[in-house]
Amino acid sequence: MGPRPNRCSKPTAAEADAWAEVLVRCGLLHAAVRVPNGQWLIQHRADSPVHVLTGPADIVELAATIQHRIRSARPRTR
């Protein structure tokens with residue numbers, strides 16, 4: 001799998017909200033909460049520490065990293 005292509009624009013808060021919801025709904029994160037200053041509080045598991053992400057770009061990058069990890073772990077069938 002090659003490097004990810006560069007984006008033409010910065011991720012928006014709405015895009016980050018959507019990705020955070022998907023990650024939590026699919027059980028890939030325990031919690032992801034946007035706070036009023038635009039930062040995100042995320043928790044990988046219920047018993048893990050809370051991490052602070054600085055904004056939408058960090059949530060989108062986290063989603064991309066998780067996707068890459070999942071796809072890399074799958075056996076190739078082609």
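The text that follows walks through the structure, step by step, so that each part is easy to find. Quantities reported herein were computed from a predicted structural model and do not represent experimental measurements. Residues take numbers from 1 onward in each chain, read along the sequence in its written order. Residue-level local features of this predicted model are given only where pLDDT is at least 70; pairs of side-chain atoms are given and counted only at 80 or more, and the full residue set underlies all totals for whole chains, interfaces and linings. As a rule here, side-chain values cover all heavy atoms of the structure and leave hydrogens and water aside.

### Things to note about the side chain of S48
Selection rule: Counting from the N terminus, the helices are the DSSP runs of H or I reaching at least four residues and the strands are the DSSP runs of E reaching at least two. Exposure is judged per residue with a 1.4 Å probe applied to protein chains only, and the accessible area is read against the type maximum: over 50% gives exposed, under 20% gives buried, and values in between give partly exposed. Counted as a polar contact is a pair of N or O atoms within 3.5 Å, where, for protein atoms, one must be capable of donating a hydrogen and the other of accepting one, and residues adjacent in sequence contribute only when both atoms are in side chains.
Along the chain, S48 falls in the loop between β2 (40–43) and β3 (51–53). For S48, a relative accessible area of 11% translates into the label buried. One polar contact links the side chain of S48 to the main-chain carbonyl oxygen of R45, over a distance of 2.8 Å.

### Here's the deal with the sheet that holds β2
Strand pairs in the sheet, formed through backbone hydrogen bonds, run parallel or antiparallel to each other. Operational definition: Here, any two strands with at least 2 DSSP bridges between them count as paired. Helix axes are fitted only over the stretch in contact, all axes being lines through C-alpha atoms; the angle between N-to-C directions runs from 0 to 180 degrees. Contacts were defined at the residue level, with two residues in contact if any of their heavy atoms lie within 4.5 Å.
The antiparallel open sheet is built from 3 strands, whose spatial order is β1-β2-β3. Single-partner strands in this sheet number two, and they are β1 (31–34) and β3. Between one strand axis and the next, the sheet turns by 25° as a mean value, whatever way the strands run. Relative to β3, β2 runs antiparallel, the two being bridged by 3 bridges. If you follow I42 over to β3, its bridge partner there is H51. Against the sheet, helix α1 (residues 13–25) touches β1 and β2, its axis set at about 160° to β1. The strands touched by helix α2 (residues 56–73) are β2 and β3; relative to β2, the strand with the most contacts, the crossing angle is about 25°.

### Some words on the side chain of Q43
Within the secondary structure layout, Q43 lies in strand β2. Taking the relative accessible area as the measure of exposure, Q43 reaches 15% and is therefore buried. Polar side-chain contacts of Q43 include one of 3.1 Å to the backbone oxygen of A46. Q43 has contacts with L29, H30, A31, S48, P49 and V50, leaving out every residue within four places of it along the chain.

### Focus on the pairing of β2
The pairing of β1 with β2 spans 4 bridges and is classified as antiparallel. Bridging across to β2, R34 finds its partner in W40. Joining the antiparallel neighbours β1 and β2 is a turn of 5 residues, in which G38 adopts a positive phi near 95°.

That's the geometry; what it means functionally is another story.
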